[in-house]
Amino acid sequence: IDIPHQDTAVTFTGAYLGTDDPLAGQRVYLYSPSGGYLGLNQLTDDNGRAIFRLPGQSFKIRADYLGESYWSQLFQFQDVAVQVPQGAVDLQVRRGQAGLAAVRVYLFSGEGSYLGRYALTDSDGWVAFILPEGIYRFRADVEGAQYWASDVAVALDQTATIEIDTEQ
């Protein structure tokens, strides 16, 4: 019995302000239409793509990113995209009116789980994160002390501006 197979490309991107930025190095998983995991997964390349060689039946893809799962539509013998709706957070770490440079700012879920990402503030104390829609927490570590920002909601194509003042 000859069962035809075809290479199917999965593209995993983050959508922000009309652009689709590839999400490289992320694992994507193959599922049946009823939601059963089929034991196949791939890492996305630098272009946010992974290739599966599949027979002519329906499948769907789950892609995990920053603690959330994103699903494709059902597909059969066609390339498929999984897109993450994103917004931005601009955060300033300061002491009084002065921005603090080279401070590590850590990203947490709204429930308080560390999401494995941090960034350093620039010379004026600012750092920017592009993130999926959701609720997040941020922590800045300054001179051995930890300072937390209030929870922030990230919405599609919106920018939330928050601060962490280490004088308070």
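The preceding data block contains the structure.
Rules used in this analysis
Residues numbered from 1 in each chain as written. Predicted model: local features only at pLDDT ≥ 70, side-chain atom pairs only at ≥ 80, totals over all residues. Heavy atoms only, no water. Helix = DSSP H or I, 4+ residues; strand = E, 2+ residues; numbered from the N terminus. Buried < 20%, exposed > 50% of the residue type's maximum accessible area, 1.4 Å probe, protein only. Contact = heavy atoms within 4.5 Å. Core = buried A, V, L, I, M, F, W, Y, C linked by side-chain atoms within 4.5 Å. Pairing = 2+ DSSP bridges. Phe/Tyr/Trp six-rings, centres within 6.5 Å; stacked < 30°, edge-to-face > 60°. Lys NZ or Arg CZ within 6 Å of the ring centre and 35° of its normal.

Draft legend 1. Structural detail: the side chain of D165. Mapping D165 onto the fold places it in strand β16 (residues 159–165). For D165, a relative accessible area of 14% corresponds to the buried category.

Draft legend 2. Up close: the environment of G25. Relative to the elements of secondary structure, G25 occurs in the loop between β2 (19–22) and β3 (27–31). Classification of G25 by relative accessible area gives partly exposed; the value is 46%. Along the sequence, G25 and T44 sit 19 residues apart, while their C-alpha atoms lie 5.0 Å from each other. Beyond its immediate sequence surroundings of up to four residues, G25 is in contact with L43, T44 and D45.

Draft legend 3. How the structure looks around the environment of S123. Within the secondary structure layout, S123 lies in the loop between β11 (114–120) and β12 (126–132). Accessibility expressed as a relative area gives 60% for S123, which makes it exposed. Through-space distance from the C-alpha of S123 to that of G99 is 7.4 Å; in sequence the pair is 24 residues apart.

Draft legend 4. Local environment of the nonpolar core. Among the nonpolar cores identified, the biggest contains 41 residues, and I61, L91, V93, L131 and F138 are the most heavily contacted of them. If one sorts the elements of this core by residue count, strand β8 (residues 80–95) sits on top with six residues. Those residues within four positions of L91 in sequence are excluded, and the remaining contacts are V105, G125, W126, V127, F138, A149, I162 and I164.

Draft legend 5. Region of the structure containing the pairing of strand β13 (residues 134–142). Relative to β13, strand β10 (residues 104–109) runs antiparallel, the two sharing six bridges. Its bridge partner lying in β13, Y106 is registered against R139. In this sheet, strand β15 (residues 152–154) lies alongside β13 in antiparallel orientation, the contact comprising three bridges. Each bridged residue has a counterpart across the sheet, and for I135 the counterpart in β15 is A153. The pairing of β13 with strand β14 (residues 145–148) spans four bridges and is antiparallel. Each residue of the ladder has a partner; that of R139, found in β14, is W148. What sits between β13 and β14 in their antiparallel hairpin is a turn of two residues, with E143 showing a positive phi close to 50 degrees.

Draft legend 6. Fine view of the packing of aromatic side chains. Taken as a whole, this structure holds ten aromatic pairs when the rule is applied. Look at Y29 and Y37: their rings are 5.8 Å apart centre to centre, the planes differ by 70 degrees, and that puts the pair in the edge-to-face class. Judged by relative accessible area, Y37 falls into the partly exposed class, the value being 40%. Ring centres of Y106 and Y114 lie 5.9 Å apart, and the angle between their planes is 65 degrees; this geometry places the pair in the edge-to-face category. Judged by its relative accessible area of 41%, Y114 is partly exposed. An aromatic cluster of at least three residues, connected via ring pairs, comprises Y106, F108, Y114, Y118 and W148. It is K60 that lies over the ring of W71; its NZ or CZ is 5.1 Å from the centre. The residue whose ring lies beneath R139 is Y106, and the NZ or CZ to ring-centre distance is 4.7 Å.

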